[in-house]
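Descriptive analysis of the structure
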Amino acid sequence: PRLLSQFFFADERVTRVVAEINGLDAELDPQQYLVLLNQLHLSQAHLLAILERIMEECIPTQRHSRDYLVKFPEELLVDNLGNHMLFAAECLLAGTFLEVEEADGAQLRPQARNLLCSLELVRTVLREQSLSQPGSYPEPVRAVLVQFDRLFAEFELSYVSSLVAVKSPEEIYRQQEIIVLFCETVERALRLGYLTQEMIDGYEPLLMFTIPRLAIISGLLIYPEGPLSLEQRPEQMSRVFSPFYNLLKKIRDLLRVLSAEELGLLERSLCTAE
């Protein structure tokens, strides 16, 4: 049950698969090469997962901040992101630029080299510790883990930033404003009887259409200084709404001529129309 013992056997597996790959002629047996390559990815992912648990146990208060993850597109936030970063570092060090431009890859190579060297040091130190005292983490072990965690985070941020446009702090704040708007819209709709708690608890599919429609009305009329404020320039709005700036102005002008009763009827109709 000891994590260091688990790490030892996971590390043995990685070493064994690497040895098999190095002893294979990929041109003579390409199918077996692909099989071994897949085994390597799986064994490395298992090794990184155990290493993550070790760091959480050993240096929980010294972990490098991962706040930058909120800047990443949601499609990148997958369970195997760490293993993908390790594979990317290996490719960069080998001079292969699979996803990034050559100029970006050249700038990332020193970080990739430092990361992989740090990982090798971690593997060596943890293997030795697992064979001597598998139940403790002396200070030298902690220091090596802290360094690896920092280098991994720095490479992850740099690499992803070279692939996609990460969100700016301003865009993140705008998205948080939209979340608040949607929450206030739901609270108001419940208060006015447009929605019921049962619909929300039951994940009523119609809510996927209803809540955004009501949020547009709330953002234009009830919370006009929020994320849908048309007093700001389009480029100052969230990218969710900025392409529809002119359309939103037309909708706001139409809403302003409605009486309170007419507005209520409109909102109720938006809760039922498909």
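Residues numbered from 1 in each chain as written. Predicted model: local features only at pLDDT ≥ 70, side-chain atom pairs only at ≥ 80, totals over all residues. Heavy atoms only, no water.

Quick look at the overall build of the protein chain
The helix and strand tally for the protein chain stands at ten helices and zero strands. For the protein chain, the spread of C-alpha atoms along the three principal axes comes to 80 × 45 × 35 Å. Taking as baseline every contact in the protein chain between residues at least 6 positions apart, the subset at least 24 positions apart corresponds to 71%. Summing over all exposed atoms, the protein chain offers an accessible surface of approximately 16100 Å²; the carbon and sulfur share of this is 56%. Treating the 25 positive side-chain charges of the protein chain as one cloud and the 40 negative ones as another, the clouds have centres 3 Å apart. (Helix = DSSP H or I, 4+ residues; strand = E, 2+ residues; numbered from the N terminus. Contact = heavy atoms within 4.5 Å. Areas by Shrake-Rupley, 256 points an atom, 1.4 Å probe, with all protein chains shown as cover. Lys, Arg positive; Asp, Glu negative; His and termini not counted. Charge placed at Lys NZ, Arg CZ, Asp CG, Glu CD.)

Quick word on the domain arrangement of the protein chain
Here the protein chain is partitioned into domain 1 (3–163) and domain 2 (169–271). Its C-alpha centre places domain 1 at a distance of 44 Å from the equivalent point of domain 2. (Domains from an automatic or database assignment.)

Topic: unusual backbone geometry
Despite not being glycine, Y203 shows a phi value in the positive range, around 50 degrees. Following the sequence through the fold, Y203 ends up in the loop between α7 (197–201) and α8 (207–222).

What to know about the nonpolar core
By size, the foremost hydrophobic cluster in this structure holds 45 residues, and its most contacted members are L51, I54, L126, L145, F148, F155 and Y159. For this core, the elements supplying multiple residues, two or more each, are α1 (3–22), α2 (30–58), α3 (81–93), α4 (102–132) and α5 (139–163). Here this core takes ten residues from α5, the largest share from any one element. If you look at the next biggest cluster of nonpolar residues, it comprises 14 residues, including L181, A215, F241 and Y245. (Core = buried A, V, L, I, M, F, W, Y, C linked by side-chain atoms within 4.5 Å. Buried < 20%, exposed > 50% of the residue type's maximum accessible area, 1.4 Å probe, protein only.)

Considerations on the state of the cysteines
Following the criterion strictly, the structure yields zero disulfides and no others. Its sulfur unpaired, C117 is 16 Å from the next cysteine sulfur, which belongs to C91. (Disulfide = S-S within 2.5 Å.)

Some details on α3
Here α3 spans 18 Å end to end across 13 residues, near enough to the 18 Å set by a 1.5 Å rise per residue. By the burial criterion, the buried members of α3 are L81, G82, N83, M85, L86, A88, A89, C91 and L92. Against the buried residues of α3 lie α2, α4 and α5. At the exit of α3 stands G95, carrying a positive phi of roughly 85 degrees. (Expected span 1.5 Å × (residues − 1).)

Side note on the packing of aromatic side chains
Think of a pair of aromatic rings as described by two things: how far the centres are apart, and how the planes are tilted against each other in angle. Scanning the entire structure with this criterion turns up three aromatic pairs. Taken together, a centroid distance of 5.4 Å and an interplanar angle of 85 degrees make the contact between F8 and F9 edge-to-face. Here the aromatic rings of F155 and Y159 are separated by 5.6 Å at their centres, their planes lie at 25 degrees, and the arrangement is stacked. Taken together, the residues F155 and Y159, both in helix α5 and four residues apart, mark about one turn of the helix. A relative accessible area of 3% places Y159 in the buried class. (Phe/Tyr/Trp six-rings, centres within 6.5 Å; stacked < 30°, edge-to-face > 60°.)

A closer look at the packing of α3 against α4
Relative to each other, α3 and α4 sit at 115 degrees, their axes nearing to 8 Å. Like other packed secondary-structure pairs, α3 and α4 cross with a definite hand, here left-handed. Mapping the contact onto sequence places L86, A89, E90, L92 and L93 in α3 and G105, L108, R109, A112, R113, L115, L116 and L119 in α4. (Axes fitted to C-alpha atoms, helices over the stretch in contact; angles between N-to-C directions. Left-handed = near helix turned anticlockwise from the far one by under 90°.)

Observations regarding the environment of E187
Inspection of the secondary structure assignment puts E187 in helix α6 (residues 169–192). Between the C-alpha atoms of E187 and R113, which are 74 residues apart in sequence, the distance is 52 Å.

Some thoughts on the pattern of salt bridges
By the definition in use, this model includes 13 salt bridges. Where D149 meets R63, a salt bridge forms, and the shortest distance between an N and an O atom there is 3.0 Å. Of this pair, D149 sits in helix α5 while R63 sits in the loop between α2 and α3, and the two are 86 residues apart along the sequence. Just as D149 is buried, R63 falls in that class too. (Salt bridge = Lys/Arg side-chain N within 4 Å of Asp/Glu carboxyl O.)

A closer look at α2
Over its 29 residues, α2 runs 41 Å from end to end, which matches the ideal 42 Å to within 8%, given 1.5 Å per residue. Inspection of α2 places L36, L40, S43, Q44, L47, L48, I50, L51, I54, M55 and C58 among the buried residues, and these make up the whole buried set.

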